[in-house]
Every structure is written in structure tokens, then in C-alpha cells.
Amino acid sequence: MDKFNLLKNRIIDKVYTFGESIKITDEFQKDFFDLVSICTFNLMEGKDNFFGLFTIQLKRKIDIKIKYPVGTCVEGNDFVMYFNPILFIEYTLEEMKALIKHEIYHIMFQHFKRGQELRKTYSDFVVNTVLDMSINQYIENLPADCITIERVNLSF
């Protein structure tokens, strides 16, 4: 078994033993960020090398309270990519890479700034849906539960 799958299985085993008392140990954090590094280095190979190199520049933190597997915030002069390992670990390597690319597209298209302006007029749900839809059309291997133009069209 390759290193990615070994780490993923070890993390899954730890997540399943959390129960109601979730404690992120240094060992868990190291294993999880090693897994993210494998995703990053995998992105650097081939046509996605820009995303891999971009990801290296981002700070990374774990936050089990976020409702998404990965999200990005602006903190001071930095972009910080937050991961909920409980949600993120459920995806395949290709889906994890797609989720990371998704966050980088948000940064590239200045969605943080645009979102602030749009939220003055529209609800968070509408703004998040539109911003996600606008970039997901460019990303392959997204998880099935991601917002796409096709899914939104079907729901209306």
C-alpha cells in the first residue's frame, strides 16, 4: 500500500476512535498535514503544478468546527487554508486535490472581496452558491456533493 493510503487509513482509524471527545494530538496533526503534503506534491506533477506551488505558500490549520472539508480565510496579510479532517478524510486523493484547487480559485478570483460586496445585497447562501458554481465548472474530479451549474439547474 502506498504512503497516501497508509496515512489515510491511520487517520480514519483515529477519527473513528474520537467519539464525542475529539482531541487533535500533535501526532494526529502531523499525520494529517503529511497527507495534505502528499496532495500538494501530487498537484505539482503535470498540468496542476501551479496549484501545488500555490498551496505551498498557504498557511494551514485544522478546525473541526467548520462545516466544509476545507475552507480559506484571510488573516492579516495571509491566506490560511483550514481543514476539517473528519470531513476531508472521506474523499479520494483526486477529490482532495480538487477541493484544494477550489479554494485556490476562490483566492485567484478575489471571491473574499467580491463576496463581501455581494453579501450587502444577497444572502450568504446565494453568494456562496454563485461563487462556488462559478469556479467549480473549471475543476475536474470534484466530490459528487459539490455545487455545480448542473446541480443548481436541476434543483430549480
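Residues numbered from 1 in each chain as written. Predicted model: local features only at pLDDT ≥ 70, side-chain atom pairs only at ≥ 80, totals over all residues. Heavy atoms only, no water.

Looking at the protein, the pLDDT average stands at 93 and 98% of residues meet or exceed 70. Within the protein, no element has a lower average pLDDT than helix 8 (residues 149-155), which sits at 87, and none a higher one than helix 5 (residues 93-108), at 97. (pLDDT = per-residue confidence, 0-100. Helix = DSSP H or I, 4+ residues; strand = E, 2+ residues; numbered from the N terminus.)

A positive phi angle is found at glutamine 110, which is not glycine, with a value near 55°. Mapped onto the elements, glutamine 110 comes out in the loop between helix 5 and helix 6 (111-118). With a phi angle near 65°, asparagine 141 is a residue other than glycine that sits in the positive phi range. For asparagine 141, the position within the fold is in the loop between helix 7 (124-136) and helix 8. On the basis of relative accessibility, which here comes to 43%, the residue asparagine 141 falls in the partly exposed class. (Buried < 20%, exposed > 50% of the residue type's maximum accessible area, 1.4 Å probe, protein only.)

Two modes of strand pairing occur in sheets, parallel and antiparallel, and in both the strands are linked by backbone hydrogen bonds. One open sheet holds the 3 strands; their spatial order is 1-3-2, and the pairing between them is mixed. At either end of the open sheet lies a strand with only one pairing partner, and these are strand 1 (59-62) and strand 2 (70-75). Taken pair by pair, the neighbouring strands of this sheet meet at an average axis angle of 30°, ignoring direction. Judged from the 6 bridges that link them, strand 2 and strand 3 (residues 78-83) form a sheet pairing that is antiparallel. Looking at strand 3, one finds that glycine 71 is bridged to tyrosine 82. Sitting on the sheet, helix 5 is in contact with strand 2 and strand 3, with an inclination near 30° to strand 2. (Pairing = 2+ DSSP bridges. Axes fitted to C-alpha atoms, helices over the stretch in contact; angles between N-to-C directions. Contact = heavy atoms within 4.5 Å.)

Structurally, a disulfide amounts to a covalent bond that connects the sulfur atoms of two cysteines. Applying the stated rule across the entire model yields 0 disulfides. With no disulfide partner, cysteine 39 has as its closest neighbouring cysteine sulfur the one in cysteine 146, 14 Å distant. In this structure cysteine 39 comes out as buried when scored by relative accessible area, which is 0%. Free of any disulfide, cysteine 73 has its nearest cysteine sulfur in cysteine 146, 18 Å distant. Classification of cysteine 73 by relative accessible area gives partly exposed; the value is 36%. (Disulfide = S-S within 2.5 Å.)

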